[in-house]
Amino acid sequence: MEIVRIYITLIFVLVITNINQAQTCCTAGAPLSNNFSNNTTEIYPLEISVQSTFRSINRLVENDEVLVNDPRSRFNLHNNLRFAYRLHDFFSLGLSVPYIFQQRETISMREESFGFGDPVLNFQFSPPISKKIDLYLFSGIKFPLGSYQKTNAIGIQLSPDMQSGTGTWDFINRLAIFHPRFLINNLNVQYALSYRYNSTNKNFNNSIAARSFQFGQEWNTSLLFQYELFSKNSIWVPDLELQYRWQDANNEQNLEAPNSGGHWFNIKAGLTAILSEQNLLRIYVGMPVFQSLEGLQITTNFESGISYSRKIKFKQSLSDKIEVL
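Residues numbered from 1 in each chain as written. Predicted model: local features only at pLDDT ≥ 70, side-chain atom pairs only at ≥ 80, totals over all residues. Heavy atoms only, no water.

Q: Account for the overall build of the protein chain, naming residues and giving values.
A: The helix and strand inventory of the protein chain stands at two helices and 20 strands. Of all 325 residues assigned to the protein chain, the portion counted as buried reaches 45%. (Helix = DSSP H or I, 4+ residues; strand = E, 2+ residues; numbered from the N terminus. Buried < 20%, exposed > 50% of the residue type's maximum accessible area, 1.4 Å probe, protein only.)

And the structure:
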């Protein structure tokens, strides 16, 4: 498919130039909670990053059994522009603005959807608890600014998982514990736990026949291992992440939607290139290890992503100005 070739070409160009959901049967299309964090420092209080994630959604699962997939195919491309700013020693703000492209094909029809998604504004608190361990407390709110009224070629409104936005105010909370130099000098370990509360869109169809829809509440927990490798001009950090995800069933017209919700266990492997104090590039791939889903669902069989971060230094940070005042 053309979009896949474009995506692969984008990754190739970025690397060469050193640039660091759910329809009831498709609830597992993509995790609704993203792994946000504000990685600012006193020297570099502003961080700007671009991220792109491709997901192939072509694994047909009934409960915990993987079936031979039917002629349907689906993928999405999630692009994200993110800003983070350090307000003080332990406080920072972040803003994420997504742009999403999705495509789904059946024997008789192809549906596409693209546009800006719902932005997320977050606040992060990093209290000093230990010289050896870092603690990050994150709270974010998702604004209902993305479109949820997109239609297909014949004018029928697309299902909620094919929309760019949800039409709801949602809330994301996350706790992360980072332990550098765990057991040995070059090994870092991070444990993270996040919860997303999704509110209800009471007017999904935006018409006389409007219906309410709510994505299921979601928990994510992950264990990340990083190993630092040093070269003459850069630092390379391969990583391995084990991720468990639970999502409750969707709710439609105040009834639990069938074929939605379940448990997922995924594994991801990545490589980060710390090109300088200010520039960081990461690529990764991921795949499912096991799912135990409610009913019959089509879920992600492969994902990959690339991100580039640039840290920016100011002559005087906002925290310094606050202290002066």
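Q: Describe the packing of aromatic side chains, listing the residues and the values that go with them.
A: For the structure on display, the rule yields twelve aromatic pairs. With a centroid separation of 5.7 Å and 35° between ring planes, the pair formed by Phe54 and Phe75 is classed as tilted. Linking Phe54 in strand β1 (residues 46-56) with Phe75 in strand β4 (residues 73-86), this pair joins segments that are 21 residues apart in sequence. This pair shows no difference in class: Phe54 is buried, exactly as Phe75 is. (Phe/Tyr/Trp six-rings, centres within 6.5 Å; stacked < 30°, edge-to-face > 60°.)

Q: Explain the sheet that holds strand β15 (residues 251-252) residue by residue, including any values.
A: The sheet built from three strands is open, its strands ordered β11-β15-β16 with antiparallel pairing. If you trace the sheet from one side to the other, it starts and ends with β11 (213-214) and β16 (255-256), each paired once. Strand direction decides the pairing type here: β15 and β16, joined by two bridges, are antiparallel. Following the sheet pairing, Glu252 is matched in β16 by Leu255. (Pairing = 2+ DSSP bridges.)

Q: Give me the lowdown on the sheet that holds strand β2 (residues 59-62), citing residues and values where you can.
A: Pairing is antiparallel in the open sheet, where three strands are placed in the order β3-β2-β19. Where the open sheet ends on each side, the last strands, each with one partner, are β3 (65-67) and β19 (296-299). Strand-to-strand twist in this sheet, taken as the mean axis angle between neighbours without regard to direction, amounts to 35°. Relative to β3, β2 runs antiparallel, the two sharing three bridges. Opposite Val61, over in β3, you have Val66 as the bridge partner. (Axes fitted to C-alpha atoms, helices over the stretch in contact; angles between N-to-C directions.)

Q: Please set out the pattern of salt bridges residue by residue, giving values where relevant.
A: All told, the structure shown has 15 salt bridges when counted by the stated rule. The partner of Lys311 in a salt bridge is Glu47, and the shortest N-O contact between them spans 3.6 Å. One end of the pair, Lys311, is in strand β20 (residues 302-312); the other, Glu47, is in strand β1, with 264 residues separating them in the sequence. Grouping residues by exposure puts Lys311 and Glu47 together as buried. With a closest N to O distance of 3.8 Å, Lys268 and Glu303 form a salt bridge. Of the two residues, Lys268 is situated in strand β17 (residues 262-274) and Glu303 in strand β20; the sequence distance between them amounts to 35 residues. Classification of Lys268 by relative accessible area gives buried; the value is 12%. Taking relative accessible area as the criterion, Glu303 reaches 6% and is therefore assigned buried. (Salt bridge = Lys/Arg side-chain N within 4 Å of Asp/Glu carboxyl O.)

Q: Explain the environment of Ser194 to me, and be specific about the residues and the numbers.
A: Relative to the assigned elements, Ser194 resides in strand β10 (residues 187-198). Here the alpha-carbon distance between Ser194 and Ile172, two residues 22 residues apart in the chain, equals 7.1 Å.

Q: Please give an account of unusual backbone geometry that cites residues and values.
A: We note that Leu183 has phi near 70°; this positive angle belongs to a residue other than glycine. Looking at the secondary structure, you find Leu183 in the loop between β9 (170-179) and β10. Judged by relative accessible area, Leu183 falls into the exposed class, the value being 75%. With phi around 55°, Asn259 is a residue other than glycine that occupies positive phi space. Topologically, Asn259 is positioned in the loop between β16 and β17.

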